[in-house]
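Structure assessment
Okay, here's what each chain looks like letter by letter:
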Amino acid sequence: LDRHHVDVHRGHASFVDPHTIAVHGEQGTRLLEAGVILIATGSTPHRPAGIPFEAPGVYDSDTILQMERLPRSLAIAGGGAIGCEYACLFKVLGLDEVRLIHAGERILPFADEEIGALLQEAMESLGVTFDAPDMVESVEPGAPLALRLQSGARRSAEALLVALGRRGNVASLALENAGVRVDEHGQLPVNDHFQTGVPHIYAAGDVIGGHTLSSTAMEEARAAMVHAFDLKYKSGVGAHLPVGVWTIPEVSMVGETEQALRARGVAHVVGRWRYDANPRGVLIGERRGLLKLLFSLPEEKLLGVHVIGEDACELIAAGLVAMTLGATCSTFIDTCFNYPTLSDLYKYAAYDAMGRIRRGEVFTP
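What comes next concerns the included structure.

Rules and cut-offs
- Residues numbered from 1 in each chain as written.
- Predicted model: local features only at pLDDT ≥ 70, side-chain atom pairs only at ≥ 80, totals over all residues.
- Heavy atoms only, no water.
- Salt bridge = Lys/Arg side-chain N within 4 Å of Asp/Glu carboxyl O.
- Helix = DSSP H or I, 4+ residues; strand = E, 2+ residues; numbered from the N terminus.
- Buried < 20%, exposed > 50% of the residue type's maximum accessible area, 1.4 Å probe, protein only.
- Polar contact = N/O pair within 3.5 Å; in protein donor to acceptor, adjacent residues only side chain to side chain.
- Contact = heavy atoms within 4.5 Å.
- Pairing = 2+ DSSP bridges.
- Axes fitted to C-alpha atoms, helices over the stretch in contact; angles between N-to-C directions.
- Expected span 1.5 Å × (residues − 1).
- Patch = residues over 30% accessible without salt bridge, like charges linked within 9 Å, V, L, I, M, F, W, Y side chains within 5 Å.
- Areas by Shrake-Rupley, 256 points an atom, 1.4 Å probe, with all protein chains shown as cover.

Turning our eyes to something else, we now look at the pattern of salt bridges. Following the criterion strictly, the structure yields 23 salt bridges and no others. Linking Arg69 and Glu158 is a salt bridge whose minimum nitrogen-to-oxygen distance equals 3.6 Å. You can see Arg69 sitting in the loop between strand E6 (58-60) and strand E7 (73-77) and its partner Glu158 sitting in the loop between strand E12 (154-157) and strand E13 (159-162), a full 89 residues away along the chain. Here Arg69 falls in the exposed class, since its relative accessible area comes to 57%.

The subject of this paragraph is the side chain of Asp60. Tracing the backbone shows Asp60 in strand E6. Polar contacts involving the side chain of Asp60 include one to the side chain of Arg47, which spans 2.9 Å. At a separation of 2.9 Å, a polar atom in the side chain of Asp60 contacts the main-chain amide nitrogen of Asp62. Ignoring any residue separated from it by four or fewer positions in sequence, one finds Asp60 in contact with Pro45, Arg47, Phe53, Leu161 and Val162.

Time to look at the environment of Val245. Assignment of secondary structure puts Val245 in strand E16 (residues 243-245). What makes Val245 buried here is its relative accessible area of 0%. Sequence separation of Val245 and Arg274 is 29 residues, and the distance between their C-alpha atoms is 19 Å. In contact with Val245, other than residues within four places in its own chain, are Ala81, Glu85, Leu108, Phe110, Glu250, Val251 and Cys313.

A sheet is described by the order of its strands in space; here 5 strands give the open sequence E6-E13-E7-E8-E9, paired in parallel fashion. Each of the sheet's edge strands pairs with one partner strand only, and the pair in question is E6 and strand E9 (128-131). Neighbour-to-neighbour, the strand axes of the sheet open up by a mean angle of 20°, direction not taken into account. The pairing of E7 with strand E8 (residues 97-101) spans 5 bridges and is classified as parallel. Each bridged residue has a counterpart across the sheet, and for Ala77 the counterpart in E8 is Ile101.

Take helix H8 (residues 345-359) next. Residues three or four positions apart in an α-helix share a direction because the helix packs 3.6 residues into each turn. With 15 residues, H8 extends 21 Å from end C-alpha to end C-alpha; this agrees with the ideal 21 Å at 1.5 Å per step. Of the positions making up H8, those classed as buried are Leu345, Tyr346, Lys347, Ala349, Ala350, Asp352, Ala353, Gly355 and Arg356. Buried residues in H8 make contact with strand E18 (268-274), strand E19 (290-296), strand E20 (302-308), helix H6 (312-324) and helix H7 (329-333). Trailing H8 by a residue or two, Gly360 shows a phi angle of about 80°, which is positive.

Right, let's get into a nonpolar patch on the surface. There is a patch of nonpolar side chains on the surface, built from Leu70, Leu89, Val92, Leu93 and Ile248 and spanning about 400 Å² of accessible area. With respect to the element layout, Val92 can be found in helix H1 (residues 81-92). Overall, the relative accessible area of 46% leaves Val92 in the partly exposed class.

This next bit is on unusual backbone geometry. Note the cis peptide between Ala143 and Pro144, where omega equals 10°. Cis peptide bonds are those with omega within 30 degrees of zero, and the linkage from Tyr339 to Pro340 qualifies with -5°. Among the structural elements, Pro340 can be located in the loop between H7 and H8. The phi angle at His5 is positive, at roughly 60°, despite the residue not being glycine. Unlike most non-glycine residues, Glu300 shows phi in positive territory, near 60°. Note that Glu300 resides in the loop between E19 and E20.

For H6, built from 13 residues, the straight-helix expectation of 18 Å at 1.5 Å per residue is met to within 8% by its first-to-last C-alpha distance of 18 Å. For H6, every residue scored as buried is listed here: Ala312, Cys313, Leu315, Ile316, Gly319, Leu320, Ala322 and Met323. The inward-facing, buried residues of H6 contact E16, strand E17 (251-255), E20, H7 and H8. After H6 finishes, the residue Gly326 shows a positive phi value of roughly 75°.

Spelled out as structure tokens, the structure:
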């Protein structure tokens, strides 16, 4: 910020009118006027009514960072990215019991079904237990906490983490003074240029929803300011945005899922290669890893990349660039990768896809 000569005003901001921001800080209130405003205030954890967050041992995904000691047992409400990440983290930290309670049939509902199932198997092997589909209906404070689930089951735990989504962090911004609309999820609707209903006020990141990832948020903010100041170096965010989930093992994905292609009746073929069939995967001892590629038919164009395993969030980069450049199955077969490396998984997953095409093991509507 200093290198770019950006002035920083520390404090809590609120709109006075569409062009004026009041910053309430330790030195009092200061008014800032601007012709362009970007709202990038992030999000806060959703706190469902009926959960006693004021009770000892009840946390959301922010307040759990203030935990002073590790409990012996932890229940987690929510099987999305945050819930799964914390479940893995706390189990490997040595808790006796980590229980994940998820309302859906499968964890990581946005992920490819096969990858989500593999992650659940991996988490179970760590010792994480699951109640799904189910949800926390009530919590009785105490030591331990007493949880009653929708199914009627009763569970107890020293601590409860509620990870049931996030809401835009806009409550204190006085957006009504600027004429900016907020939807029912506390998020700001924007157009393709990230403009709110007030054209000179832009919004990016968690505050507009989506996968709420730092990488995506930064791209959105860059695209917003390129449009605001007509900088002409980016036409928008990338066509393909990766998702990284920092579980154990990691999960990463970009593009289409197999179930989405089937639901839309898109002809395709799947190519898979496991880490334990790759020399580097064997060397690092990754027994559960998998790279999964989805190619359209008959074009054989790469439509989706899904990885579970060590360094998945790094390994996805090759597939991300390939998709951006319009790669086909032949792209990976014609490419020479270092040996032994995990990147060589791409070549053999592509060989697997070609073999399935020859054998007729493809999906056609």
